[in-house]
Every structure is written in structure tokens, then in C-alpha cells.
Amino acid sequence: MSDPQPSTHQHALARQRAQLIMQVRSGVLTAEAAARQLNVSRKTYYKWERRALAAMVAALGNRDQGRPPQPRDPEKAALRRQMAELQAKLVVLEQTERLRQLLAQPGKKTP
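Residues numbered from 1 in each chain as written. Predicted model: local features only at pLDDT ≥ 70, side-chain atom pairs only at ≥ 80, totals over all residues. Heavy atoms only, no water.

1. Looking at helix H3 (residues 42-59)
So, step 1. Under the 1.5 Å per step criterion, the end-to-end length of H3 is 25 Å for 18 residues, consistent within 8% with the ideal 26 Å.
So, step 2. Residues Tyr45, Trp48 and Glu49 constitute the buried set of H3. Seen from one end, H3 has its buried residues packed into an arc of 105°, which puts them on one side. Seen from the open side of H3, the exposed residues pointing more than 90 degrees away from its buried face are Lys43, Arg50, Arg51, Val57 and Ala58. (Helix = DSSP H or I, 4+ residues; strand = E, 2+ residues; numbered from the N terminus. Expected span 1.5 Å × (residues − 1). Buried < 20%, exposed > 50% of the residue type's maximum accessible area, 1.4 Å probe, protein only. Arc of directions from axis to C-beta.)

2. A few points about the nonpolar core
So, step 1. Membership of the largest hydrophobic core is limited to 11 residues, which are Leu20, Ile21, Val24, Leu29, Ala31, Ala33, Ala34, Ala35, Leu38, Tyr45 and Trp48.
So, step 2. Within the residue set of this core, elements represented by two or more residues are helix H1 (8-25), helix H2 (31-38) and H3.
So, step 3. Counting residues per element, this core draws most heavily on H2, at five residues.
So, step 4. Among residues more than four places away in sequence, those in contact with valine 24 are Leu29, Thr30, Ala31, Ala34, Tyr45 and Glu49. (Core = buried A, V, L, I, M, F, W, Y, C linked by side-chain atoms within 4.5 Å. Contact = heavy atoms within 4.5 Å.)

3. Points about the packing of H1 against H2
So, step 1. At their nearest, the axes of H1 and H2 sit 9 Å apart, and the two run at 165° to each other. The angle between H1 and H2 falls in the class roughly antiparallel. In the crossing of H1 with H2, the sense of the turn from one axis to the other is right-handed. Contacts from Gln16, Arg17, Leu20 and Val24 of H1 reach H2 at Ala31, Ala34, Gln37 and Leu38.
So, step 2. Class assignment for the residues of the contact of H1 with H2 results in five nonpolar, two polar and one charged. (Axes fitted to C-alpha atoms, helices over the stretch in contact; angles between N-to-C directions. Parallel < 35°, antiparallel > 145°, perpendicular 65-115°, else oblique. Left-handed = near helix turned anticlockwise from the far one by under 90°. Nonpolar A, V, L, I, M, F, W, Y, C, P; charged D, E, K, R; others polar.)

What is shown is where atoms sit, not what they do.
Pasting the structure below:
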């Protein structure tokens, strides 16, 4: 299974690609020169550039404020409801048992 966190090497490569893309976009470098530095074809460079720009647009979009909503697990919700119902039944049964004990004691007055 692959590690979800990029390694230091992968991070350095991504950083280098981003820097070269910014240099190309600002006119400091040509796409051909950037592709050459990355040891890839111009076609691959442009694919990376499109992906990078799309990710940047997505990252800079407006987001809802506050914490993101927690994912709802229908099974957990059903189990919580069932637990609450069982706890309520337990309270009733405990009270019923306590009343039985009090009524079963001969000669003792109930409060």
C-alpha cells in the first residue's frame, strides 16, 4: 500500500516542477527548456502544467468557514439510537425491579 504523505524526494520533485512552471508562465523560461530540465517531453510538461494550474484554481476557490462536516455513518447513527432506547428501557426495568423489591418486603411502609 502506498504512503499517503509524499516522501521528501517526491516533495522536492514537485517543488522543482512548480518552480519551473512558474518560470515558464512568467516568461523567464520556455516550456521546451523546462521540459529539458525535467527530462520529459514538452507534451508531458504541458500535462503537468495543466494539472498544476487546475489544482491551484481549486485550492484558491472559496471554502465554507468553520470545521468541515463530519461524515455521517448510518450504521453508527442506528447503533446510537438503539443504545439510547436500550438505556431508557434499562432505567424503566431498574425502577420496576426496585418497586417489586419494596412491595415484596412485608410490613415495611413505602415512603
